[in-house]
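Structure at a glance
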Amino acid sequence: MSNTTVTEVAIVGGGVAGSSLGAALAHAGLAVTIIERESVFRDRVRGEAIMPWGVAEAERLGVLQAILDAEARPVSYLHIHAGRTLARSIDLTTATAGNHPGLDIYHPDLQDALLEHACRTGVTVLRPAKAARYRASASPEIDVETEDGEVTIRARLVVGADGRTSVARRWAGVETMRDPAWYQIGGGLVEGAGLATDGFHTSVVDDWMMLYFPHAGERGRLYIACHDELARLLRGVGNRDHFVPTIARSVGDGVMDDWTLTGPVAFFPNADIWASRAAGNGVALIGDAAGANDPIIGQGLSLALRDARELRDALLSGDWPSAIEGYADRRDRYYQVLRTYAAWQAQLAVGRGPEADAIREQVAAARKVDPSAGGLLGIAHRGPDGITLGEAERRTYFGVDIGVATATSHAGRLASSTASSSRS
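A brief report on the enclosed structure follows. Computed from a predicted structure; not experimentally measured.

**Quick look at the packing of aromatic side chains**
Summed over the entire model, instances satisfying the criterion amount to 10 aromatic pairs. Ring centres of Y341 and Y397 lie 5.8 Å apart, and the angle between their planes is 75°; this geometry places the pair in the edge-to-face category. With Y341 in helix α9 (residues 320–350) and Y397 in helix α12 (residues 391–397), the pair connects residues that are 56 residues apart, well separated along the chain. Accessibility expressed as a relative area gives 4% for Y341, which makes it buried. Looking at R306, its charged tip hangs above the ring of Y334, at a distance of 5.1 Å from the centre. Above the plane of the ring of Y397 lies R367, whose end atom (NZ or CZ) is 5.2 Å from the centre.

**Things to note about the sheet that holds strand β7 (residues 102–104)**
The strand order β3-β7-β4 describes an open sheet built from 3 strands, whose pairing is antiparallel. Among the strands making up the open sheet, the edge pair consists of β3 (49–50) and β4 (73–75). Relative to β7, β4 is paired through 3 bridges, and the arrangement is antiparallel. Across the sheet, residue V75 finds its bridge partner in β7, namely G102.

**What about α9?**
With 31 residues, α9 extends 43 Å between its outermost C-alpha atoms, agreeing within 8% with the 45 Å of an ideal straight helix rising 1.5 Å per residue. The buried fraction of α9 amounts to 22 of the 31 residues, a majority that puts the element mostly inside the structure.

**Brief notes about unusual backbone geometry**
Here the amide bond leading from R127 into P128 is cis, since omega sits at -10°, within 30 degrees of zero. Here P128 lies in the loop between β8 (124–126) and β9 (129–135). Its identity as a non-glycine residue notwithstanding, N99 has a phi of 55°, on the positive side. Mapped onto the elements, N99 comes out in the loop between β6 (85–91) and β7. Positive phi, normally seen in glycine, also occurs at A373, with a value near 50°. Structurally, the position occupied by A373 is in the loop between α10 (354–369) and α11 (379–382).

**So, the nonpolar core**
I67, I142, W171 and I296 are the most contacted members of the largest nonpolar core, which has 112 residues in total. The element best represented in this core is α9, accounting for 16 residues. With near-sequence residues (within four places) excluded, W171 lies in contact with V12, A131, Y134, I142, V158, G280, N281 and V283. Judged by nonpolar contacts, the second largest core, of 21 residues, contains M210, L222, A231 and A248.

**Looking at the pairing of strand β14 (residues 199–205)**
For β14, the buried fraction is high: 6 of the 7 residues fall into the buried class. Note: β14 against strand β15 (residues 208–214), 5 bridges, orientation antiparallel. When the bridges of β15 are listed, S203 appears paired with M210. Between the end of β14 and the start of β15, which pair antiparallel, lie 2 residues, with D206 showing a positive phi angle near 55°.

**Details of the side chain of H81**
Positionally, H81 belongs in strand β5 (residues 77–82). Residues contacting H81, with those up to four places away along its chain left out, are L86, A87, L195, H201, T202, S203, V204, M210, S250 and V251.

**Here's the deal with the pattern of salt bridges**
Applying the stated criterion across every chain yields a total of 24 salt bridges. Across the pair E57 and R309 runs a salt bridge whose closest N-O atoms are separated by 2.7 Å. Of this pair, E57 sits in helix α2 (residues 52–61) while R309 sits in helix α8 (residues 300–316), and the two are 252 residues apart along the sequence. Just as E57 is buried, R309 falls in that class too. R277 is paired through a salt bridge with D329; the nearest N and O atoms lie 2.9 Å apart. With a gap of 52 residues between them, R277 in the loop between β19 (273–275) and β20 (279–280) and D329 in helix α9 connect regions that are remote in the sequence. Given a relative accessible area of 27%, R277 falls into the partly exposed group. Three or more residues joined by partner-sharing salt bridges are found here, namely E57, R306, R309, E310, R312, D313, R330 and D385.

**Considering the side chain of T96**
Topologically, T96 is positioned in the loop between β6 and β7. Exposure remark for T96: the relative accessible area of 13% places this residue in the buried category. A polar atom in the side chain of T96 sits 2.9 Å from the side chain of H100. Ignoring sequence-local partners within four residues, the contact set of T96 consists of P52 and W53.

Definitions and limits used
Residues numbered from 1 in each chain as written. Predicted model: local features only at pLDDT ≥ 70, side-chain atom pairs only at ≥ 80, totals over all residues. Heavy atoms only, no water. Phe/Tyr/Trp six-rings, centres within 6.5 Å; stacked < 30°, edge-to-face > 60°. Helix = DSSP H or I, 4+ residues; strand = E, 2+ residues; numbered from the N terminus. Buried < 20%, exposed > 50% of the residue type's maximum accessible area, 1.4 Å probe, protein only. Lys NZ or Arg CZ within 6 Å of the ring centre and 35° of its normal. Pairing = 2+ DSSP bridges. Expected span 1.5 Å × (residues − 1). Core = buried A, V, L, I, M, F, W, Y, C linked by side-chain atoms within 4.5 Å. Contact = heavy atoms within 4.5 Å. Salt bridge = Lys/Arg side-chain N within 4 Å of Asp/Glu carboxyl O. Polar contact = N/O pair within 3.5 Å; in protein donor to acceptor, adjacent residues only side chain to side chain.

So this is what it looks like as structure tokens:
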């Protein structure tokens, strides 16, 4: 028979969302146990950009200093390349009331820093440990397999922070929702910076998109969002020599000549995957377990920090059942804003065919009149608060009412498609 220990909050997953929430709750005086499966956090080509609104969330959670101490690089600009030249730079520090920059950090370093911070704050961490079975009740229980045997954790609340393939979604009794995956995004760790390290970089070339996020020193993460055919040419050990040269075409001659890959190249589908509700059956979901956003707009880490802060505030506000339901309502609203915005950005960046080309021409003409698209281009930096994305905003984003009148039917279908999805 397993031993039973009692805690107030049991968190399954000690990554960014789980460790941030655990540290914040422990700091407030709650007993917290984190169950982390991996003994060592490995490089898996995950999100590494924290947008200014996410940095503000980290500050509110009390974890910002831990992130900065892990050599996060402050990033003040978004550099946009067009026609193989730097077209313009957006000052990210104006996005939040606190004038926060963005941050970029190697993902395993971020996970280590936040989990260590949680330990210092008083969180009990079981690692490596597997959450094997869940029993719902007024005081839900998790059977946990550890190297020293099985232990049962009895908690007032179980939090699922266990990623895109979350087991906790099943425990919560909610459905896993999926958008269709219609392109791939791939990334690799590189050294030999030939781009300014004071900002994130992005460029659209034909029907693919480059993204670059600088780490400390001369290291950074280089991404490409592209369709399956190009992804097949760039993925795998045998094709890794093509990765940097192919993407180099997006920023001009000589810029990436000295860049070398220092880690694996991995591709994964763009599709949003989310829970039909972020709470149920004694379980609350945060981070990718609650909903993983299309990475093309780089919101994963900011979203994880927002979830942790929102649930922290809810639990400290009083009555837990109603507070958790309120969190789930708010989570759905701000996640759906980011989901819709990512779908629009993806269509603009990697849409294919004559219609997509016509839309890009239309948008280019519109941006000459209104470079900010009515302020919509700041969503990724400012965050989703106070934003509604409906038909009027879609027309503004795609330049329907400005500049040339070209084909917009595909963009219209896209806006409609964000209201529905296929279910797994």
